[in-house]
Amino acid sequence: MSTKKAKAKKPGRSRSSALMMLSFLLIGSALVRLGMEAGPAIAREVSSMDRGGAESQNDGGALHRDGMPSSAELQAMLAAFQEREAVLEAREAEIEDRQKALGIADAAIDRKLAALEQAEEALRSTLALADGATEADVGRLTTVYEQMKPKESAALFEEMDPNFAAGFLARMRPEAAAGIMAGLSPEAAYTISVVMAGRHSGVPKE
């Protein structure tokens, strides 16, 4: 019986081995076909990626070039800057010329003011000399009238303007003035007295 069982088991092992071999062959064939089909697809994908990267690099370069100004634009900008600089230099020169003109005008005004001050001082000196000379002349003339006889002096004062007569009499000694007033006509004496009183009316009193 043991030999029969052994003989019965041998055909089953051979069939299972055959099935395993067949499975390996089918799997290998499938892998080969998958590799053959996937290879070209992967190659196409890599090629498309390479082309896309190159295009993006080319586009980036083009964009970079488009963002930079051209030579003509740079020249136009340089010309505009130079023109602006020339305008500014002209304005600065004009301002400097105006400042120089103002300085010259100020110096001329200062010279004229100094000349006017000198002329004014000279005029004051001249007036002072004239006033001194007049005062001296009046003083000498008053002395002459005092030394004259009262009757002779009264005749002159009678014909004199009351204001002048009052001025001379106010400078004389009281006794000399009284002698002249006594020789005047009542009308002349009264008029001169009114003038003299009017002059002294503005004098402050204690």
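In this convention, every chain numbers its residues from 1, walking through the sequence in written order. The predicted nature of this model means local features are confined to residues of pLDDT at least 70 and side-chain atom pairs, given and counted, to a pLDDT of 80 or more, with totals for whole chains, interfaces and linings taken over all residues. The basis for every side-chain value is the complete set of heavy atoms in the structure, and neither hydrogens nor water enter the calculation.

A word on the side chain of Ser-153. Positionally, Ser-153 belongs in helix α3 (residues 150-159). The buried label goes to any residue with under 20% of its type's maximum accessible area, the exposed label to any with over 50%, and the partly exposed label to all in between, with areas taken from a 1.4 Å probe on protein chains only. A relative accessible area of 0% means that Ser-153 is categorised as buried. Contact definition: two residues touch when any of their heavy atoms are within 4.5 Å. Leaving out residues up to four positions away in the same chain, Ser-153 has contacts with Tyr-145, Met-148 and Ile-180. Starting at the N terminus, helices and strands are each numbered in turn, a helix being any DSSP run of H or I of at least four residues and a strand any DSSP run of E of at least two.

In summary, soluble globular proteins display a tendency toward joint burial of nonpolar side chains. Buried Ala, Val, Leu, Ile, Met, Phe, Trp, Tyr and Cys residues form a nonpolar core when they are joined through side-chain atoms within 4.5 Å. Of all hydrophobic cores here, the largest spans 16 residues; its most connected members are Phe-157, Leu-169, Met-172 and Leu-184. Look past the residues within four positions of Met-172 in its chain and what remains in contact with it is Thr-142, Tyr-145, Glu-146, Phe-157, Ala-177 and Ile-180.

On to the packing of aromatic side chains, then. Centre-to-centre distance and the angle between the planes together describe a pair of aromatic rings. Aromatic pairs are defined between Phe, Tyr and Trp rings, using the six-membered ring for Trp, whenever the two ring centres lie within 6.5 Å; interplanar angles under 30 degrees are classed as stacked, those over 60 as edge-to-face, and all others as tilted. The tally for this structure, following the rule as stated, stands at three aromatic pairs. Aromatic pair Tyr-145 and Phe-157: ring centres 5.3 Å apart, planes at 70°, arrangement edge-to-face. In this pair, Tyr-145 is assigned in helix α2 (residues 71-147) and Phe-157 in helix α3, connecting sequence segments twelve residues apart. The buried category is assigned to Tyr-145, whose relative accessible area is 11%. By relative accessible area, which is 1% here, Phe-157 ends up buried. Seen in terms of ring centroids, Tyr-145 and Phe-168 are 5.2 Å apart; in terms of plane orientation they differ by 90°. Their pairing is edge-to-face. Here the residue Tyr-145 occupies a position in helix α2, and Phe-168 occupies one in helix α4 (residues 162-171), the gap between them amounting to 23 residues. A relative accessible area of 10% means that Phe-168 is categorised as buried.

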